[in-house]
Number of protein chains: 2
Amino acid sequence: MAKEITYSISQLAKHFDITPRAIRFYEDRKLLSPERHNSHRIYKEGDLVRLKLILRGKRLGFSLEEIRKTMELYDTEPNEKTQLLFVLDTISIHRQELETRQQDIRETLNEMKTVSNRIKKKLKELD
Amino acid sequence: MAKEITYSISQLAKHFDITPRAIRFYEDRKLLSPERHNSHRIYKEGDLVRLKLILRGKRLGFSLEEIRKTMELYDTEPNEKTQLLFVLDTISIHRQELETRQQDIRETLNEMKTVSNRIKKKLKELD
DNA sequence: CGAAAAATTGACGTTTACGTAAACGTGATG
DNA sequence: CATCACGTTTACGTAAACGTCAATTTTTCG
């Protein structure tokens, strides 16, 4: 069997352009739980995926606690009807939030275009 | 001439579903500067527009300082070529950031759909 | 093997964005 | 005009997300 690729904390930090301190902090807040070899943290592929999700969540403005809950929700995947319905409901709420944000971005991009055009016009007139 | 509609701080707060404290804080950070009548703040249409921009900026994850700079940039609109080019450049950077975020959202929405479908399938099998 | 490089665990410091409480001024209303 | 809701400033408190030492292992490498 192929030996899985592993990473030290500083390698991981460099890869994502963050500090080891941040990574340890995410672990403290239960968003990561890497293996250990004599107290040293060993990160595998799954940890990279999770970290990627964490950083994307942060870019979208979610708190670490929200990110943690969401990841927990998604990779638990229960079997009871009530729980499944709850997950669906939560996803639906998240989706609405994201769609609002998408609209926010579209509006902002449009305004930026308007300003850009006005400025370009001004620049042309400056000849 | 039509008397402009004005608002008290609490009316404004209610309208945007935030606290007066938050509004005063935005003023402290130079994002707002309403008129005064004997120390009392009087908000007009322009202030509403600015506040709307502030809140949208916050939803997009920008800091108040970033929002302040951006608003300043956009409503200064200089006449010197160098400055105009600088504004264009800044806008271009902001646009790239927003487009990244747009991509982040699209990815997340897709993942949510995948999970949703898996759950719905599970629910059907539960009969 | 022995020193330098890398990791670990505290623990206190910092910034952002307000919350909260105190102490006081203002304005509408019966 | 008295009262009472509403507004103001000042100032300290707080949660989130790390930054920054410091003191101690562990690992690695010539």
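Residues numbered from 1 in each chain as written. Chains lettered and ligands numbered in written order. Predicted model: local features only at pLDDT ≥ 70, side-chain atom pairs only at ≥ 80, totals over all residues. Heavy atoms only, no water.

**Quick notes on the protein's contact with DNA strand D**
And then number 1: Residues in close proximity to DNA strand D total 19 residues, the closest being Thr19(A), Tyr26(A), Lys58(A), Ser10(B) and Arg41(B).
And then number 2: For DNA strand D, the fraction of protein-proximal atoms (within 4 Å) that sit in sugar or phosphate groups is 74%.
And then number 3: Between a phosphate oxygen of DNA strand D and a side-chain N or O atom of Ser8(B), the distance comes to 3.1 Å.
And then number 4: Listing elements by their share of the surface near DNA strand D, those giving two or more residues are α2 (20-28) of chain A together with α1 (9-16), α2 (20-28) and β2 (40-42) of chain B.
And then number 5: Take the surface near DNA strand D: its biggest share by element is four residues, from α2(A).
And then number 6: For the surface near DNA strand D, the class distribution of residues is five nonpolar, eight polar and six charged. (Near = heavy atom within 4 Å. Polar contact = N/O pair within 3.5 Å; in protein donor to acceptor, adjacent residues only side chain to side chain. Helix = DSSP H or I, 4+ residues; strand = E, 2+ residues; numbered from the N terminus. Nonpolar A, V, L, I, M, F, W, Y, C, P; charged D, E, K, R; others polar.)

**Section: the packing of helix α4 (residues 64-76) of chain A against helix α5 (residues 81-125) of chain A**
Residues and elements named next belong to chain A.
And then number 1: With their axes 11 Å apart at the nearest point, α4 and α5 run at an angle of 135° to one another. In this view, α4 runs oblique relative to α5, as classed from their interaxial angle. Two packed elements cross with a definite hand, and for α4 against α5 that hand is left-handed. Seen from α4, the contacting residues are Thr-70, Leu-73 and Tyr-74; seen from α5, they are Phe-86, Val-87, Thr-90, Ile-91 and His-94. (Axes fitted to C-alpha atoms, helices over the stretch in contact; angles between N-to-C directions. Parallel < 35°, antiparallel > 145°, perpendicular 65-115°, else oblique. Left-handed = near helix turned anticlockwise from the far one by under 90°. Contact = heavy atoms within 4.5 Å.)

**Observations concerning the protein's contact with DNA strand C**
And then number 1: Ser10(A), Arg41(A), Thr19(B), Tyr26(B) and Lys58(B) are the nearest of the 19 residues found near DNA strand C.
And then number 2: Here the atoms of DNA strand C within 4 Å of the protein split so that 69% fall in sugar or phosphate, with bases taking the remainder.
And then number 3: In this structure, Ser8(A) approaches DNA strand C through a side-chain N or O atom, which is 2.9 Å from a phosphate oxygen.
And then number 4: Here a phosphate oxygen of DNA strand C and a side-chain polar atom of Lys58(B) are 2.8 Å apart.

**Details of unusual backbone geometry**
And then number 1: We note that Lys30(A) has phi near 65°; this positive angle belongs to a residue other than glycine.
And then number 2: In this structure Lys30(A) comes out as exposed when scored by relative accessible area, which is 64%.
And then number 3: With a phi angle near 75°, Ser39(B) is a residue other than glycine that sits in the positive phi range.
And then number 4: If you trace the backbone, Ser39(B) turns up in the loop between β1 (35-37) and β2. (Buried < 20%, exposed > 50% of the residue type's maximum accessible area, 1.4 Å probe, protein only.)

**Brief notes about the interface of chain A and chain B**
And then number 1: With 37 residues of chain A at the contact, the number on the chain B side is 37 residues.
And then number 2: Approximately 3,900 Å² of surface area, both sides summed, lies buried where chain A meets chain B, with 67% of it carried by carbon and sulfur atoms.
And then number 3: Remark: the boundary between chain A and chain B carries 10 salt bridges.
And then number 4: With a closest N to O distance of 3.2 Å, Arg56(A) and Glu107(B) form a salt bridge.
And then number 5: Applying the counting criterion to the chain A and chain B interface returns 16 residue pairs in polar contact (both at pLDDT 80 or more).
And then number 6: Secondary-structure elements contributing two or more residues to the side of chain A that touches chain B are α3 (45-59) and α5 of chain A.
And then number 7: Among the elements that line the side of chain A that touches chain B, the one with the most residues is α5(A), at 28 residues.
And then number 8: Its residues assigned to classes, the side of chain A that touches chain B comprises 17 nonpolar, six polar and 14 charged. (Buried area = accessible area lost by both parts, 1.4 Å probe. Salt bridge = Lys/Arg side-chain N within 4 Å of Asp/Glu carboxyl O.)

**Quick look at α2(B)**
Residue and element names in this part refer to chain B.
And then number 1: Turning to α2, its buried residues are Ala-22, Ile-23, Tyr-26 and Glu-27. For α2, the buried positions fall inside an angular range of 145° around the axis, keeping them on one side. Residues of α2 that are exposed and point more than 90 degrees away from the buried face comprise Arg-21 and Asp-28.
And then number 2: In the core, the buried residues of α2 are packed alongside α1, β1, β2, α3 (45-59) and α4 (64-76).
And then number 3: Once α2 ends, the next one or two residues include Lys-30, with phi positive near 70°. (Arc of directions from axis to C-beta.)

**Side note on the relation of the copies chain A and chain B**
And then number 1: You can overlay chain A on chain B at an RMSD of 0.1 Å; the transform is a turn of 180° with a shift of 0.0 Å along its axis. Accordingly, the operation relating the two chain copies is best matched by a two-fold axis. Taking the C-alpha atom as reference, chain A places Gly61(A) closest to the rotation axis, 2.5 Å from it.
And then number 2: Take the interface residues of chain A: 100% of them recur as interface residues in chain B, which is what a same-surface contact looks like. (Least-squares fit on C-alpha atoms with pLDDT ≥ 70 in both.)

**Examining α3(A)**
And then number 1: End to end, α3(A) covers 21 Å across 15 residues, agreeing with the expected 21 Å (1.5 Å per residue, within 8%).
And then number 2: Residues of α3(A) that are buried make contact with α1 (9-16), α2, β2 (40-42) and α4 of chain A together with α5 (81-125) of chain B.
And then number 3: Of the residues trailing α3(A), Gly61(A) is marked for its positive phi of about 90°. (Expected span 1.5 Å × (residues − 1).)

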